[in-house]
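One letter stands for each residue in the lines below.
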Amino acid sequence: MILLERRIGNMRVNLDSERFRSGAERYAAYLETREGRLRLDLGFANLQEFLPQPMESLRALDLGCGTGAVAVRLAKLGLHVTMLDSSLPMLEFAESAAREAGVIDKIELKHGDVVHLANLFPAEFFDVALCHNVLEYVDDAGAVFRAAARLLRGSSAILSVMVRSQAGEVLRAAIRDGDLAAAERDLTAEWGHESLYGGSVRLFTPDSLHAMLTAASLAVTTERGVRVMSDYLPARVSRGDDYERIFELERKLGVRPEFAAVARYTHCLAHRVGS
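On a predicted model such as this, the values are computed, not experimentally measured, just so you know.

Trainee: Looking at this structure, how should I read the overall build of the protein chain?
Mentor: The secondary structure content of the protein chain amounts to ten helices and nine strands. For the protein chain, the C-alpha radius of gyration of 18 Å lies close to 19 Å, the compact-globule estimate for 275 residues. Seen through its principal axes, the protein chain has C-alpha atoms that stretch 50 × 50 × 35 Å. By residue count, 48% of the 275 residues in the protein chain fall in the buried class. Roughly 13,300 Å² of accessible area belongs to the protein chain as shown, and the carbon and sulfur atoms make up 52% of that amount. Counting 33 positive and 38 negative side-chain charges, the protein chain places the averaged centre of each group 1 Å from the other.

Trainee: Before we go on, may I ask you to explain empty space enclosed by the protein in this structure?
Mentor: Vacant regions in the atomic arrangement are exposed by a probe of water-molecule size rolled over the atoms. Under the defined criterion, the tally for this structure stands at one cavity of 30 Å³ or more. Considering only enclosed or pocket space, the largest cavity measures out at about 40 Å³ in volume. Lining the largest cavity we find L42, N46, R224, G225, E250, R251, G254 and V255. For the lining of the largest cavity, the secondary-structure elements that each account for two or more residues are α2 (34–48), β8 (218–226) and α9 (243–254).

Trainee: Even after reading the chapter, I still don't get the pattern of salt bridges, so can you show me in this structure?
Mentor: Opposite charge on two side chains allows them to pair when their charged atoms are near. Using the criterion set out here, one finds 16 salt bridges in the structure. The closest approach of N and O atoms between R264 and E169, which form a salt bridge, is 3.2 Å. With R264 in the loop between α10 (257–260) and β9 (265–272) and E169 in helix α6 (residues 166–176), the pair connects residues that are 95 residues apart, well separated along the chain. No difference in accessibility class separates R264 from E169, as the two residues are buried. One salt-bridge network, in which partners are shared between bridges, spans R164, E169, R172, R176, D177, R227, D231 and R264.

Trainee: For this particular structure, what's the right way to read the nonpolar core?
Mentor: A general trend in soluble globular proteins is that nonpolar side chains are found buried together. Membership of the largest hydrophobic core comes to 31 residues, with the highest contact counts inside it found for L117, L135, F145, L159 and L218. Those elements that place two or more of their residues in this core are β1 (59–63), β4 (128–132), α5 (141–151), β5 (158–164), α8 (206–215) and β9. A per-element tally of this core places α5 first, with seven residues. Residue contacts for L218: discarding those within four places in its chain leaves F145, A149, L152, L159, L213, A270, H271, R272 and V273. By size, the runner-up hydrophobic cluster in this structure holds 28 residues, among which are L51, L58, A60 and L88.

Trainee: Even after reading the chapter, I still don't get the sheet that holds strand β3 (residues 107–111), so can you show me in this structure?
Mentor: Consider a sheet: its strands pair through backbone hydrogen bonds, and that pairing is either parallel or antiparallel. The seven strands lie next to each other as β3-β2-β1-β4-β5-β9-β8, forming an open sheet whose pairing is mixed. Only two strands of the sheet have a single partner each, and these edge strands are β3 and β8. Adjacent strand axes in the sheet meet at a mean angle of 15° when their direction is disregarded. In this sheet, β5 lies alongside β4 in parallel orientation, the contact comprising five bridges. Bridge pairing in β5 places L130 opposite S160. The sheet contacts of helix α4 (residues 88–101) involve β2 (80–85) and β3, and relative to β3 the element is tilted by about 175°.

Trainee: Sorry if this is basic, but what is going on with unusual backbone geometry here?
Mentor: Most peptide bonds take the trans configuration, and most residues that are not glycine carry a negative phi. Residue P54 follows Q53 across a cis peptide bond; omega there is -10°. With respect to the helices and strands, P54 occurs in the loop between α2 and β1. Positive phi, normally seen in glycine, also occurs at S217, with a value near 60°. Position of S217 relative to the elements: it lies in the loop between α8 and β8. Among the residues examined, S217 registers a relative accessible area of 42% and is labelled partly exposed. The backbone of R227 shows a phi angle near 60°, a positive value even though the residue is not glycine.

Rules behind the numbers
Residues numbered from 1 in each chain as written. Predicted model: local features only at pLDDT ≥ 70, side-chain atom pairs only at ≥ 80, totals over all residues. Heavy atoms only, no water. Helix = DSSP H or I, 4+ residues; strand = E, 2+ residues; numbered from the N terminus. Rg over C-alpha atoms; globule rule 2.2 N^0.38 Å. Buried < 20%, exposed > 50% of the residue type's maximum accessible area, 1.4 Å probe, protein only. Areas by Shrake-Rupley, 256 points an atom, 1.4 Å probe, with all protein chains shown as cover. Lys, Arg positive; Asp, Glu negative; His and termini not counted. Charge placed at Lys NZ, Arg CZ, Asp CG, Glu CD. 1 Å grid on protein atoms, 1.4 Å probe; cavity = no way out; pocket = protein on both sides within 12 Å on 5 of 7 lines; lining within 4 Å. Points joined across faces, edges and corners; volume = space filled by probe spheres on them. Salt bridge = Lys/Arg side-chain N within 4 Å of Asp/Glu carboxyl O. Core = buried A, V, L, I, M, F, W, Y, C linked by side-chain atoms within 4.5 Å. Contact = heavy atoms within 4.5 Å. Pairing = 2+ DSSP bridges. Axes fitted to C-alpha atoms, helices over the stretch in contact; angles between N-to-C directions.

Written as structure tokens, this is what we have:
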């Protein structure tokens, strides 16, 4: 295991660290909400269907791993997982989660930014690469795809990508918020509002996502919708008591293209062309 590097800087760095620490805590809290848990559970269920075999020999890379929720689940399945994040507080959360789950021996922690991915690892080193809800925050998503494609080894290696859907943003504004003006704007918007951290978040359409994958010599193996209807359920439906029923219905809706097209998130599994 690569031990997590802890750096002590000047006052400005310390203040920034506290800001990102607060962000890490907010993100960890979000994953405990019904919405966060559902996004995590649905994404992981989709991923499990396409993991190469045997899993015990696989190397996985979690880009922008956050608090390590997905990486720890993969490690429990027997994969060796490298967790990459630009936030040291996020990596501290991830390290703690791995220790608590008893899988720290299958985890490596690396402090770095996905925008420098091309220079961080050797080519054809990983069997699985995850890029879940990271591309919304980078300027050049295509460059990340190209670098990730270079890291995949073998014909069975997969890239798992989850991004914020433009169509989901339109429905959120119209149905949940009742803001018809915002829904109208979001029909062509490339950016939305990030409620968790504040600021802007990139929105993706199927065409824009597929174009980036194709340009990186990646082909879509399957595409799923995540959180198709759960964000719009009436209050009389208990998100807690009915969680399993909601999850199962979401799984059925997410595999059907007509419903996946309007989900809050788009989840693509892709492979390298010609590998």
